[in-house]
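# Results of the structural survey
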Amino acid sequence: VAFWWSFGYVPLTFVLICIKGFPRDFNFNCAFYSLSAGVIGQLAALAFYVALSSGMLSVVTTLSSLYPLVTVILAVAWLKERINKRQVIGVAFALFAIVLFCL
Amino acid sequence: MNTMARWLIFSLLEDFLWGVWAIFFKLGARHMSSLGAKLWETVGFALVILPLFIYMEFSVVWSGLGFTYSILGGITGGLGNYFFFNAFSKGGKASVVTALIATSPVLTISCAYVLLHERISLLEATGCLCAIIAAVLITD
């Protein structure tokens, strides 16, 4: 599945380039981060397929939608971004949801 | 490892990886267009899938239906990803765009119920509701 999924994903970028034109802007650091994002994203997609092979689509997809929780934690720790009360409540909801799925 | 633990562990692993992915993509898209960042992201995708394919000794199990659904999954996933970052470059507020996308499991749950006839327990339904509320609140 991962292979054929990529077979749809990768050529799409080239179709978009054909429509919008080749992006002329280049920045080494940004390219490195984007490339790393691709590697991590593909590994995430593989983990998603393994989870889907034994879990229900509705539950696995909903649990997967909690990924902003990790982004918020990393944004605070790494990018020194600040979070508001609303997001703190969201983190509590996310942790409660994970506990419910574990029961 | 029992079946339930397996899907749960891999779902949480996926959460972690997508969480890191978002940080890297944000850093990558800082001084590049969304298409430029997507081009390099696609190279990263290929860097993982090609060694995996070589490791599998080019033996991909063929299934017409599996092929069709996987290709469609790749195209819709790729388009969704592109529109997500395009929404930001068109001036969309990060809080509004991400909150809207965070509600996408509602559509998936509805489709899984109607098309795949999946039935979830009350506990799982409560978990899904909490997860959707959490995703909307976190992506403020």
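Residues numbered from 1 in each chain as written. Chains lettered and ligands numbered in written order. Predicted model: local features only at pLDDT ≥ 70, side-chain atom pairs only at ≥ 80, totals over all residues. Heavy atoms only, no water.

### So, the nonpolar core
Ranked by internal contacts, the top residues of the largest apolar core, which has 25 residues, are A:Leu63, A:Leu66, A:Phe101, B:Trp7 and B:Ile138. Elements represented by at least two residues in this core include exactly α2 (28-54), α3 (57-64), α4 (67-77) and α5 (85-102) of chain A together with α1 (3-28) and α6 (122-138) of chain B. If you tally residues by element for this core, the top one is α5(A), at six residues. Two domains each provide a minimum of three residues to this core, namely domain 1 (3-90) and domain 2 (103-140) of chain B. Beyond its immediate chain neighbours, meaning those up to four positions away, A:Leu66 contacts A:Ala94, A:Ala97, A:Ile98, B:Asp15, B:Ala131 and B:Ala134. Of all hydrophobic cores here, the second largest spans 11 residues; its members include B:Val20, B:Ala22, B:Phe24 and B:Ala37. (Core = buried A, V, L, I, M, F, W, Y, C linked by side-chain atoms within 4.5 Å. Buried < 20%, exposed > 50% of the residue type's maximum accessible area, 1.4 Å probe, protein only. Helix = DSSP H or I, 4+ residues; strand = E, 2+ residues; numbered from the N terminus. Domains from an automatic or database assignment. Contact = heavy atoms within 4.5 Å.)

### Here we look at the packing of α2(A) against α3(A)
Residue and element names in this part refer to chain A. The interhelical angle for the contact between α2 and α3, taken along N-to-C directions, is 150°, at an axis separation of 9 Å. In terms of orientation, α2 and α3 fall into the roughly antiparallel class. For the pair α2 and α3, the crossing hand works out as right-handed. Across the interface between the two elements, Phe-48, Ala-51 and Leu-52 from α2 touch Leu-57, Val-60, Thr-61 and Ser-64 from α3. Here the residues of the contact of α2 with α3 are counted per class, giving five nonpolar, two polar and no charged. (Axes fitted to C-alpha atoms, helices over the stretch in contact; angles between N-to-C directions. Parallel < 35°, antiparallel > 145°, perpendicular 65-115°, else oblique. Left-handed = near helix turned anticlockwise from the far one by under 90°. Nonpolar A, V, L, I, M, F, W, Y, C, P; charged D, E, K, R; others polar.)

### Brief notes about the packing of α2(A) against helix α2 (residues 34-55) of chain B
It is at 7 Å that the axes of α2(A) and α2(B) come closest, and there the two elements cross at 45°. When the axis of α2(A) is compared with that of α2(B), the two are oblique. You can see that α2(A) and α2(B) cross each other, and the crossing is right-handed. Every residue of α2(B) that contacts α2(A) at A:Ala31, A:Ser34, A:Leu35, A:Ala37, A:Gly38, A:Val39, A:Gly41, A:Gln42, A:Leu43 and A:Leu46 is listed here: B:Ala37, B:Trp40, B:Glu41, B:Val43, B:Gly44, B:Phe45, B:Leu47, B:Val48, B:Ile49 and B:Leu52. Among the residues forming the contact of α2(A) with α2(B), the class breakdown is 14 nonpolar, five polar and one charged.

### Points about helix α5 (residues 104-114) of chain B
All names here are of chain B. Those residues of α5 not exposed but buried are Pro-105, Thr-108 and Ala-112. Within α5, the buried residues cover an arc of 55° as seen down the axis, which keeps them to one side. α5 presents Leu-107 and Val-114 as exposed residues on the side facing more than 90 degrees away from its buried surface. (Arc of directions from axis to C-beta.)

### Digging into the interface of chain A and chain B
Where the parts come together, the accessible area they lose is often given as the size of the interface. Listed per partner, the contact involves 81 residues of chain A and 82 residues of chain B. Surface buried jointly by chain A and chain B totals about 7700 Å² across both partners, of which 79% is contributed by carbon and sulfur atoms. Between chain A and chain B we count zero salt bridges in total. Across the contact surface, chain A and chain B share one residue pair in polar contact (both at pLDDT 80 or more). Looking at the side of chain A that touches chain B, the elements that each hand over two or more residues are α1 (2-20), α2, α3, α4 and α5 of chain A. For the side of chain A that touches chain B, the element with the highest residue contribution is α2(A), accounting for 22 residues. Here the side of chain A that touches chain B is built from residues that sort into 55 nonpolar, 22 polar and four charged. (Buried area = accessible area lost by both parts, 1.4 Å probe. Salt bridge = Lys/Arg side-chain N within 4 Å of Asp/Glu carboxyl O. Polar contact = N/O pair within 3.5 Å; in protein donor to acceptor, adjacent residues only side chain to side chain.)

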